[in-house]
Structures are given as C-alpha cells and as structure tokens.
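Letter by letter, the chains look like this.
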Amino acid sequence: MTTRKNSLFLLALALLLLPAAHAADSDAKKPYALIFGTVYGPDNRPAYGVKVKIRRADQKKAKWELMSDHSGEFAQRLPAGTADYLISADGAPEVKVHIENDERQDISLHLQ
C-alpha cells in the first residue's frame, strides 16, 4: 500500500511540475537581440573589468550593467523588436546601437 501511495504522490508531483517546466522551455525559445562588444584601453589592448551600462535611448537609467571579461568582451541579450540602445563605459564615449528585430550587433568601446 505504501508503494502505491508513493507512486501516486510522485505522479501528482510530476503533473504539477510539468507546466512550470514547459513555461521555462518556452522562455528559452523566445526571440532576442544580442549586443556583443569589446572594450579597448587607451593602449588599444582589450580592457578587463570595465563596467558597461546599457539603456534604452528613451530612458534615463541603465537597465543592464555588466563587466568586460579577460578578453575585454561583454554580451547582453535584449528583447527582440525595434529599439535604440545607448552603451557606455567608464572613460569611453557613449555608443548608440539600433536594433531592428532579433539580430546581433557588434560594437567596440575605446577608453580615453
């Protein structure tokens, strides 16, 4: 009898978790845009650990903040659709990027 109760419990648990697993799977398949960039120092070499901020052009506050890796690179997924984004780093001029849909835009930031 205990084995049957355990089996029923596990079946009920699996049925409860199935919609949550499906929702997470559908989020992974949503289209997205990607901004991929490289930060270069004043000596034109990749710069590690530089804080990069990304915001929509129509907003004042940065929505995403990330750091460049050991190769000076960073990447951020963004919602697919038409939008302009401003990317800034400490000591670098701001760069404007236009995203049309679910595309990838490559940029570089040069510190001064």
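Rules used throughout
Residues numbered from 1 in each chain as written. Predicted model: local features only at pLDDT ≥ 70, side-chain atom pairs only at ≥ 80, totals over all residues. Heavy atoms only, no water. Core = buried A, V, L, I, M, F, W, Y, C linked by side-chain atoms within 4.5 Å. Buried < 20%, exposed > 50% of the residue type's maximum accessible area, 1.4 Å probe, protein only. Helix = DSSP H or I, 4+ residues; strand = E, 2+ residues; numbered from the N terminus. Contact = heavy atoms within 4.5 Å. Pairing = 2+ DSSP bridges. Axes fitted to C-alpha atoms, helices over the stretch in contact; angles between N-to-C directions. Salt bridge = Lys/Arg side-chain N within 4 Å of Asp/Glu carboxyl O. Polar contact = N/O pair within 3.5 Å; in protein donor to acceptor, adjacent residues only side chain to side chain.

The biggest cluster of nonpolar side chains holds 21 residues, and the ones touching the most others in it are Ile 35, Val 39, Val 52, Phe 74, Tyr 85, Ile 87 and Leu 109. Counting only elements with at least two residues in this core, the list comes to strand E1 (32-40), strand E2 (51-56), strand E3 (64-67), strand E4 (73-79), strand E5 (83-89), strand E6 (92-99) and strand E7 (104-110). For Ile 87, the contacting residues outside a window of four places in its chain are Ile 35, Val 52, Lys 53, Ile 54, Phe 74, Pro 93, Glu 94, Val 95, Val 97, Ile 107 and Leu 109.

On to the sheet that holds E6, then. Paired through backbone hydrogen bonds, the strands of a sheet run either parallel or antiparallel to each other. Strand order in this open sheet of 4 strands is E3-E2-E5-E6, and the pairing throughout is antiparallel. Among the strands making up the open sheet, the edge pair consists of E3 and E6. Across the sheet, the mean angle separating the axes of adjacent strands is 20 degrees when strand polarity is ignored. Two strands pair when backbone bridges link them, and E5 and E6 are joined in this way by 6 bridges, in the antiparallel orientation. Within the sheet, the bridge partner assigned to Tyr 85 lies in E6 and is Val 97.

A word on the pattern of salt bridges. Within this structure, the stated rule accounts for 3 salt bridges. Of the charged contacts, one joins Arg 104 and Asp 106 as a salt bridge, the two residues approaching to 2.7 Å between their closest N and O atoms. Under the relative-accessibility criterion, Asp 106 is labelled exposed at 51%.

At Asn 44, a position not held by glycine, the phi torsion is positive, near 65 degrees. Looking at where Asn 44 falls in the secondary structure, it is placed in the loop between E1 and E2.

Position of Ser 108 among the secondary structure elements: in strand E7. On the basis of relative accessible area, Ser 108 is assigned to the partly exposed category, the value being 33%. The spatial distance from the C-alpha of Ser 108 to the C-alpha of Pro 46 is 10.0 Å, given a sequence separation of 62 residues. A distance of 3.4 Å separates polar atoms of two side chains, one belonging to Ser 108 and the other to His 110.

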